[in-house]
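# Working through the structure, step by step
Given next are the chains, with one letter for each unit.
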Amino acid sequence: MYYDALVTGAGPGGCMAARSLRGAGFKVALVEKERLPREKPCGGFVSPQAAALIEEAFGPIPPSCLAQPHTVVGARLLCEGGGDYELPFPEPGFSVVRSRLDAHLAASCGADVLDGCEVVDLD
């Protein structure tokens, strides 16, 4: 199969790259090593800046992708051996379930999604 562009990784960055390339008229394959939806070892925080970019490209983040609580206004770090730090964010961000968000973005990016595939060589 022939593609003009191959994007590896179906996270928000990969899905946005694939959508941008499709919007420019390229035939795009979005390759994800794991089967979607897949779990990600992350906190699921989407910064206000990232949320704005996602919503500009894909529309509002669906409620089914949001975790509880929906908005995040800061973080609290508890350090081993002592130390308790409050880190307020300048603007609220979103708390998401990454497996759902990534699957939604991949399905909405317009590329051929090849999940469960690993890129081992390009020709």
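Figured I'd write up the structure that's included with this text. Model, not experiment: these values are computed from the prediction. (Residues numbered from 1 in each chain as written. Predicted model: local features only at pLDDT ≥ 70, side-chain atom pairs only at ≥ 80, totals over all residues. Heavy atoms only, no water.)

## A short note on the nonpolar core
- Among the nonpolar cores identified, the biggest contains 21 residues, and Cys15, Ala18, Leu30, Ile54 and Leu101 are the most heavily contacted of them.
- For this core, the elements supplying multiple residues, two or more each, are strand 1 (5-8), helix 1 (12-23), strand 2 (28-32), helix 2 (48-58) and helix 3 (98-108). (Core = buried A, V, L, I, M, F, W, Y, C linked by side-chain atoms within 4.5 Å. Buried < 20%, exposed > 50% of the residue type's maximum accessible area, 1.4 Å probe, protein only. Helix = DSSP H or I, 4+ residues; strand = E, 2+ residues; numbered from the N terminus.)

## Focus on a nonpolar patch on the surface
- A grouping of Leu6, Val119 and Leu122 is seen on the molecular surface, where their side chains present a nonpolar patch of about 260 Å² in accessible area.
- With respect to the helices, strands and loops of the structure, Val119 is situated in the segment after strand 6 (112-115). (Patch = residues over 30% accessible without salt bridge, like charges linked within 9 Å, V, L, I, M, F, W, Y side chains within 5 Å. Areas by Shrake-Rupley, 256 points an atom, 1.4 Å probe, with all protein chains shown as cover. Salt bridge = Lys/Arg side-chain N within 4 Å of Asp/Glu carboxyl O.)

## A closer look at the side chain of Arg98
- Looking at where Arg98 falls in the secondary structure, it is placed in helix 3.
- For Arg98, a relative accessible area of 19% puts it in the buried group.
- The contacts of Arg98, once residues within four sequence positions are left out, are Gly11, Pro12, Lys40, Cys42 and Gly44. (Contact = heavy atoms within 4.5 Å.)

## Quick notes on the packing of aromatic side chains
- For the coordinates displayed, the defined rule picks out one aromatic pair.
- Relative to Phe89, the ring of Phe45 has its centre 4.8 Å away and its plane inclined at 25°; by these criteria the two rings are stacked. With a gap of 44 residues between them, Phe45 in strand 3 (residues 45-46) and Phe89 in strand 5 (residues 84-96) connect regions that are remote in the sequence.
- By relative accessible area, which is 37% here, Phe45 ends up partly exposed. (Phe/Tyr/Trp six-rings, centres within 6.5 Å; stacked < 30°, edge-to-face > 60°.)

## A short note on the sheet that holds strand 6
- In space, the three strands of this open sheet follow the order 1-2-6, with parallel pairing throughout. At either end of the open sheet lies a strand with only one pairing partner, and these are strand 1 and strand 6. Between one strand and the next, the sheet's axes are offset by a mean angle of 20°, whatever the strand orientation.
- Direction of pairing for strand 1 relative to strand 2: parallel, over a ladder of four bridges. Residue Thr8 lies in a different strand from strand 2, and its bridge partner there is Val31. (Pairing = 2+ DSSP bridges. Axes fitted to C-alpha atoms, helices over the stretch in contact; angles between N-to-C directions.)

## With respect to helix 3
- Those residues of helix 3 lying buried are Arg98, Ser99, Leu101, Asp102, Leu105 and Ala106. Seen end-on, helix 3 carries its buried residues on one side only, within an arc spanning 165°.
- Elements in contact with the buried residues of helix 3: helix 1, strand 2, strand 3, helix 2, strand 5 and strand 6.
- Note on helix 3: the residue one or two positions beyond its end, Gly110, has a positive phi of about 90°. (Arc of directions from axis to C-beta.)

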